[in-house]
Structures are given as C-alpha cells and as structure tokens.
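Now for the letters of each chain:
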Amino acid sequence: MPTCRRKRVVLTEPTPELLKAVKQDPKRPVFYLHITGEIFETYESYAARMSFYRLRQFQCEVTGKSGLDYFQALDSERQEARTLHSRFPEPLKSAVLRAVQWQVVGRLDHLVEAVYDRFKDRYFKGEYVIVDLNGTKFQARIDRVYPPKFSNVEDRDTFKETSANSLDLENPHSIGGDLKISLHESLESDNPDRYFYWVKLLEIEKDKGHEKGKSTKASDKVDGKLVGSLVEVQSPMMSRDRLAFSKSILRRFIRDCVDRDAAVASPWTVKPIIAARYGVDSVMPEETRKGVEDIKKGEIDKRKKAWEDKEGPPTKKQKKLTAAQEEKGRFILVAAEKKERDARDKAEKQRLAKEEAERLAAEKKKKKPVRYPTEDLDVRLADKDKKAGTLRLQRPLANRAILPFNESPGAFESFLMAWNFLVVYGQPLHLSVFSLDEFEGAIRHSALDLPCPLLAEVHSTLVYNLRTVPFVRHSLLLSLLKSKEDREHENLDDDAPYGITMDTLTTAMADVGNNWERVPLRFSEGREGWEEAVVGCLKDHANLGNFPQIREILTKLLFAPEQDDDSDSEASHSRHPSPTSPVLKVTASPSERYYALSPEERISILSFMCNLAISSKAIHTHMESCEEQLTALRKEKIEVNRLKKQYIEEVNGLAGESKDEPALTNGAGEDVMMQDLSDTGRPQKVTRPKSLGHSKEREAARAKQASIKHAIAERRRLDEELGKLERRLEGIERDFRKLLGAVRVKPLGRDRFYNRIWWFDGMGSASLVGNGGQAQYGTGRIFIQGPSEFDLDLLGQREDENLEERRLEEEGEDGVLNPNEWGVYSEVEELDEFLAWLNPKGQRELALKNIITRWLPHITAGMKKRIMDLTSNAKNTDTRRSARTKVATVDLSREPYMLWTNRKAINAS
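Residues numbered from 1 in each chain as written. Predicted model: local features only at pLDDT ≥ 70, side-chain atom pairs only at ≥ 80, totals over all residues. Heavy atoms only, no water.

## Here we look at the sheet that holds strand β17 (residues 749-750)
- Taken in spatial order, the four strands make up an open sheet running β17-β18-β19-β20, and their pairing is antiparallel. Looking at strand neighbours, the two that pair on one side only are β17 and β20 (822-825), the edges of this open sheet.
- When strand β19 (residues 782-785) meets β20, the two strands line up antiparallel, connected through four bridges. In the strand pairing of β20, Ile784 is matched with Gly823. (Pairing = 2+ DSSP bridges. Helix = DSSP H or I, 4+ residues; strand = E, 2+ residues; numbered from the N terminus.)

## Quick notes on the sheet that holds strand β6 (residues 128-133)
- Taking strand neighbours across the sheet as the criterion, the five strands line up as β9-β8-β7-β6-β10 in an open arrangement whose pairing is antiparallel. One side of each edge strand has no neighbouring strand; the edge strands of this open sheet are β9 (230-233) and β10 (238-239).
- Across two bridges, the pairing between β6 and β10 is antiparallel. Opposite Val131, over in β10, you have Met238 as the bridge partner.

## Topic: the packing of aromatic side chains
- Under the definition given, this model contains 36 aromatic pairs.
- When the centroid spacing of 5.8 Å and the interplanar angle of 90° are considered together, the rings of Tyr123 and Tyr197 count as edge-to-face. With Tyr123 in the loop between α5 (108-119) and β6 and Tyr197 in strand β8 (residues 196-204), this residue pair connects regions lying 74 residues apart in the sequence. We note that Tyr123, like Tyr197, is buried.
- Clustering of aromatic rings is evident, with ring pairs tying together Phe52, Tyr53, Phe58, Tyr70 and Phe71.
- Across the ring face of Trp855, the terminal group of Arg737 is positioned such that the distance to the ring centre comes to 5.7 Å.
- Against the face of Tyr372 rests Lys841, its NZ or CZ located 5.0 Å from the ring centre. (Phe/Tyr/Trp six-rings, centres within 6.5 Å; stacked < 30°, edge-to-face > 60°. Buried < 20%, exposed > 50% of the residue type's maximum accessible area, 1.4 Å probe, protein only. Lys NZ or Arg CZ within 6 Å of the ring centre and 35° of its normal.)

## Side note on the pairing of strand β7 (residues 136-146)
- As paired strands, β6 and β7 are joined by six bridges and run antiparallel to one another. Bridging from a neighbouring strand, Val131 pairs with Phe138 of β7.
- Inspection of the sheet shows β7 paired to β8 by eight bridges, in the antiparallel sense. Across the sheet, the residue bridging to Gln139 is Glu203, located in β8.

## With respect to helix α3 (residues 70-87)
- Spanning 18 residues, α3 covers 26 Å between terminal C-alpha atoms, matching the ideal 26 Å at 1.5 Å per step.
- In this structure, the buried residues of α3 make contact with α2 (43-54), β5 (58-59) and α11 (247-257).
- Where α3 begins, the side chain of Asp69 points an oxygen toward the backbone nitrogen of Phe71, at a separation of 3.2 Å. (Expected span 1.5 Å × (residues − 1). Contact = heavy atoms within 4.5 Å. Polar contact = N/O pair within 3.5 Å; in protein donor to acceptor, adjacent residues only side chain to side chain.)

## Observations regarding the packing of helix α23 (residues 530-541) against helix α27 (residues 599-613)
- Packing of α23 against α27 brings their axes to within 12 Å, and their N-to-C directions diverge by 60°. The pairing of α23 with α27 is recorded here as oblique in orientation. The hand of the α23/α27 crossing is left-handed. Two secondary-structure elements touch here, α23 through Val534, Cys537, Leu538 and His541 and α27 through Ile605, Phe608, Met609 and Leu612.
- Looking at the contact of α23 with α27, its residues break down into seven nonpolar, one polar and no charged. (Axes fitted to C-alpha atoms, helices over the stretch in contact; angles between N-to-C directions. Parallel < 35°, antiparallel > 145°, perpendicular 65-115°, else oblique. Left-handed = near helix turned anticlockwise from the far one by under 90°. Nonpolar A, V, L, I, M, F, W, Y, C, P; charged D, E, K, R; others polar.)

## A closer look at a nonpolar patch on the surface
- On the surface, a cluster of nonpolar side chains totalling about 260 Å² of accessible area is made up of Val30, Tyr32 and Ile39.
- Tracing the sequence through the fold places Tyr32 in strand β3 (residues 31-33). (Patch = residues over 30% accessible without salt bridge, like charges linked within 9 Å, V, L, I, M, F, W, Y side chains within 5 Å. Areas by Shrake-Rupley, 256 points an atom, 1.4 Å probe, with all protein chains shown as cover. Salt bridge = Lys/Arg side-chain N within 4 Å of Asp/Glu carboxyl O.)

## Let's talk about the pattern of salt bridges
- Scanning the model with the defined rule gives 53 salt bridges in all.
- Across the pair Arg49 and Glu38 runs a salt bridge whose closest N-O atoms are separated by 3.3 Å. One end of the pair, Arg49, is in helix α2; the other, Glu38, is in strand β4 (residues 38-40), with eleven residues separating them in the sequence. Per residue, the accessibility class of Arg49 equals that of Glu38, and both read buried.
- The salt bridge partner of Glu355 is Arg351, with a shortest N-O separation of 2.7 Å. Of this pair, Glu355 and Arg351 are both found in helix α15 (residues 322-367), four residues apart, which corresponds to roughly one turn of the helix.
- What makes Glu355 partly exposed here is its relative accessible area of 40%.
- A relative accessible area of 38% means that Arg351 is categorised as partly exposed.
- Three or more residues joined by partner-sharing salt bridges are found here, namely Arg380, Arg752, Arg806, Glu809, Glu810 and Glu845.

Okay, here's the thing in structure tokens:
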C-alpha cells in the first residue's frame, strides 16, 4: 500500500447513507474510482480525492521510491511484487508464512533475521538449488527430502521404490521452522545437516570458473554425463541463488505478505488472501492467543513500571493529596483532549493555508515574467513593441503566382525535389550544375525541331543510373494485364484514355525500348534515342501501383493524332503546348511525341525516375563518401579553431606588452615615427632624445625601437594568419553545407506557425562562390512551405487561444499556407521584411533568424545575381526581336537553358 508522509493511505469507506441506498435506491448515480474501488456521492468529493492522489508526495512501500503520485506508487508496488513472487522459491513460501504467522516481534528486521537463520540451510521438495560436486556446480531440483530418522542407507532405500509423495507426510523441517523454540533447541532436535536430499541434476552451472576456462574439455565431458541423473546430497553441498533467497529478498517478501496492528505487542499476521492461497491458518489458536495476550500484558506492565520509576515512588505527602492528584489527573486529561483538538484545528488550518498558497502560487506563476526564448506561440507583441515599430506585425506575403507549375497540386514540389536531386548528386550522375530557371525552361520546351540538350542529358544520366537498380522485366505490361482482368471480373468498361484501348497500348509497347539497358546514349551524338530508352526503363520499373499516371503518359508517347501536321507546326513555335487533348489514333515514335507531353507529365516522369535512382549503388557510395568527408571537415574545423585561439592569445599578449612598456621621456630630440600596438594602425610621434649623455641609454633606446618594430611585424604576421584562418573557416562552412546537403536536405528552420523555410543553394555539386569570388546561385530564392499535418495537430492542441484568428492577423488572409502549399521570396527587400517579422523571443524563430543571418551575404548575393541575369536575358531577347515583322518571334536556341552544356559528360561518356 503506498504511503504518504510515512503513513499508509487508508481508502475511503462508503458512507452509511450510501450503503443504505444500495437497497432502497440501487439506480442512484455515484462516482466510482475504479483503480481503488472507492465510491463517492458527489463529484466534489471524487475530484478532491483524485486531486489528492495526483499529488507527487507518495512513496512506494516496496522500493522506497518517493516523489510519485498514488497511481505511480501503486503500479511500482505491483510490479515489484510480481518480480519478487516470481523469484522467491515457491516451495519455501508456505513454510516461511507459517513460521511468521502470529509472531510477536517488535521490528521487521529482527523477524527477518530469525527466519533467515532458520531456513538458510533447510530445503524443500521442488526447490531449484545449486549443488557442488567435487568443485563442479550443477543446477538441480530437489526430488525427495529425507528427515534425520532416515539416516541409514537401508531406511532410505526402502522408500526408493515408493512414491515420493509418501515422504511429504513426514512434514520435514516442522520443528526447525517453528520460531517459538529457540535456534539452539531447533538445531539440537532438528539439525538441517542431518537431512538427506535426492536431487536431479539439470545442467552445469555456468559460473566464472567455467567462463575463465579453468575446467578442461575432458572434465566437462565427464561432468556432462551426470546431467539428468539422481544424486544424494546434504545441505553443506547445496545453496540457493542469491537472486532467489537473501535477507533483502526475504525482507521484501515478508513485508509484502504480512501486516500488523498499531497496538502494543500486536502479532504479525499473514494477509487473509495470501494465507488462503498457501494454506496458512488464519484463525489464531487459543494457546497462541493466550500467549499473545500474556506478551501484550507484560509489555503494558513493563511500560507502566518504567513510567512509575520515572515519576519516582509515592511519598507520604503525595498520599495525603490523593484527591488533589485525582483533580490534577482530570485536569491533565482535559488539557490533553484540548491539545489534541487544537492540533486537529491547526492541521486543518495548515491544510487550508497550503491550498490557498498553492492557488496563489499558480496565479503568480501565470503572471510570472516569461524567460526568453520560449515557445513561439506564447510570445505576443506588446503595445510598446507595436508603437516602437521594431518588429513587423504581419508577415510579408509570399508570392505563389510566380512559382512554376503551381497550378497543379503537387507539381511544383515534385519539380523542385527533382531539380534538387539532380543538382545535389551531380557528381555521381555526371551532370553539370544548372539553375532552377534553366530547368523550368527545359521542362516547358516544346519545339520538336529544336531538341533541348538539358532534357536529353538529364534523362540519359537517369537511364544509365537505373540500369544498376534491380527491376522486374515487363512489370508495367503485367500490371496493365492484371488491371484489365480486374475490370473484366467486375464488369467494368475500359476507360480508353485518348481513345486507345488496353490491348492497343500493350501491342504498341511491345516493340519500343526493349534494349534500353544496353543501348549506347552517346554524348557526341546528342544522346540520340533517349526517349525510347526512357520508355523501356518505365516498362521495366513502373507499374500502376507506383506510377498511377503511367498509362496516360505512355499513350501520349506512343500515339499521335491522325492529323498532326498543323499542331506540330504550331507547337514548334510556342513554348506552351495546346491544352486540348485530341483523340490519338496513329502509332508514333516517342522521340516525336515527347514534346507533346505537358510539363506536369514530364515532371511526373522525372520525379519517378529520381525516386528510383536514390536507391542506386552510385548514389549510396557518394553518400558514404560525403559522410567520411564530413568527419574530416569536423576534425579540421576543431584544429583551425585551436590555432585561431592560439593566435588570438598571442595578439593579446603583444598588446599587453605594448601597454606595459614605459615611454621614452629622457630629454628631447628629433622625431621618429613608431606604431602603437594598441592602436588600429595610426602612427604616433615619439620624441627621440637629443642628448642621452650615456652610451648605455642610447643603446637602450635603439633596442627599444628594434623591439617595437619587431612587435609590429609580429602583429602584422598574426593578423595575416588570423585572416587566413577566418577564410578557411568560411570555406569549411560552405563545404560542410555542400556535403551535408548530399546526405540529408533540411530546411533552414520553422517560424512560429511551423511553416518551413527552405534555401537550396550551395548544396551537393553546386557552389555558392565561383572562380574569382563571383556569387553563384541555384534557385536564388527563399521558399516557404506550409505546416505538415502533424504540425497542424500540434497547433490544434493549444486550447488557450484561437490560432485561426491569430494566423489571419499575423500572416494575412492571403498569406496563410496549408499543408503542401508553397510560397517564395525572390527579392532582397522581401527577405528583409521577413527577417523583421521574425521575433527572436521565440525559440524556433530565434534559431531561424540566426541561421538566415549567418548565410545572409550568400543569400542576398544569389538573389541579386539572379535578378541581374533575368534582366540581362530579357534585354537580349528584346534586342533579338525582329522589328520588321508584325509578329515578334523568339530565338529559342539562344535561351539560357538551350546554351547549357554538360561539361562533366564529355569525359564520362
């Protein structure tokens, strides 16, 4: 039973009115606490009791753990009880419980000592013991127990053929286990060393001697033959496992199974449920009862005598004042009752005062000033902050309209992730770096007569990579046939997208891309045939389960409209294909039909191939190489920081020496220019003495000037070394970002509403700084992604405020992003406004603001470089427009994505 302030918690008994209502009003509603079985009439009493149980002031009676609530302490006691009862020898339980029943012992420790001394060498049938035979220990089980009267071998042999149960009638250790007689008498009348035990050897005990190899193989073989045999032993050869029987285990077992009243000289009694289970008599015998009463009476008399001896013998004067003594006794009794009543009143007042103090503390805690940084949603702008204007009240609107392919749900995210994969793993894929704008232009390219080299290189390198990924031959064909059978079984008609049936599609697929894993896609030939290789790759890697749109895409790749001349000529002059989807009838080549695919369908193909390529051996090898390089960079960073600290200490030492040196003030002379080390570099005039009057003084002056020049040179050298170390640390940070981006791509951080902020530049094969320190970019933008479903669940758990209203207030009606929705900041001014909106008092936004500030020079440089490139390309496009024609045309061959060249493929293919 859990204890509170060293006292057992007494369960609340039902009131008499409640017990009476069981018969008169059985349907009366009550409040039931199922863990303790308590019943309450009102919710107030139930809640008060539950609040009491929830206080962390209870202690587990078995383990002694404190600081628990009632239910935790109860669970701890039950768990320990289960563990204890499973370890304690089962045959020993009933004997120990019969021995402690009705024992009058003051302390539990004394009772444990007495029981341990009686039973440490006494064993019972069915016990698992450890037997020592000539130095070899065996685990064994006791099969028979022979009392001392069977000391002759002949007597034991007479019982050899009889049932072992007949020996149980002998009731072994009945005298030795009786605590009413002394230990000396029990040893004389029932010596445990005179018992004989037949034990069955189960296995060799794996003790430390065996583990150290002290025994030989021959002895192990001889000992192994004894396993399973029946051996006769005595108690000196036997022992119990310390995890099963020791003083601490025995104390916990007895404490868990027995109880005692608080009265003087009360006996230890086994709990009724346990006594019934182990056959222990719960009715106190008359002889035992009289003995207990005698002990109790003797204890009371002993205490009374001790009190009288303390007061001293009655004198004659006291005998004359017997009436006065009686009056004094009554007065003392009344005073004691009053004292007890005052103590109860005081305890009640203390309880009420404690509750009031807890209530005031809770209110004070609510009003307690918050320590920053804290949870972002707990931070609200104060009126003084709003008036000061230090923080922006509403987040700048993230533009969604300029995101490419954002009209179709999920298309932009797949497009972004495909670009990131191709750029990050450009080294194992043998792809040169290209920007997101160039990738967008390539995806939108639809001119059949002007092939796009970027599309050819991207698809070709993925095809080469997927040749090393395991696949199932004709997996798509099998998936289509299974889908057809399922539809026929359910009596459903074929959808026939674009007018092409399943049979027609499978027939056309049979002759396309069958040799895709061996066809040479040469760089010098412009990767000719990459479209058919992509179709073959999809046939063996894709199915309707992992690529639901594959049927529609393959239909458009393998079939063309009956009259396609006009549409092709129109498409060749337009970057955006026609949204209409005519009926396809004529079989066509994938190389002719690829540019008829919509951008979303092209993105789906690339996204599917990138997801497969991530499991290839080349990518895994590259990731392992990046992990090794990251470890080397970490070690180098530690070494560089150590050198930097050493140089800083040397600089501080030089500055201290320059301050401590005395100035030359002996006379006046011509001026010389010397540098003060404490200054930032401005020379100061120091007067050289005109006449020193002594050669030693002149030598000292020259030595001082030489030391100052040396210190200046040393300071200049240390500054140069520190500059080199700073530049190396910056390079390490950039390299670390590149390598870490190849292992895992993580956002910069999250804002108060769990929107994730992404910056994809400078990761993998991309770099932030080019030759000559020129800024480079991949996206040149900061992306913001809406919170995930899990994050929204976390937001929904906050019941203290209306987060929907707060999001509308702080993000704007058009700025609230839902899951899988994206926005973008493409200008430096927008990023500055976003930084001004972040509140550094919040934990997430403080970390986000710090990391953006750390990379801010590179982020803004990339943004500015992208805007300059877009402006330059727009001017070049306007210059190339023909002023003589009424309709302006664009030369696609001079677009940036068409001018891109895969420099890494020249030596790779």
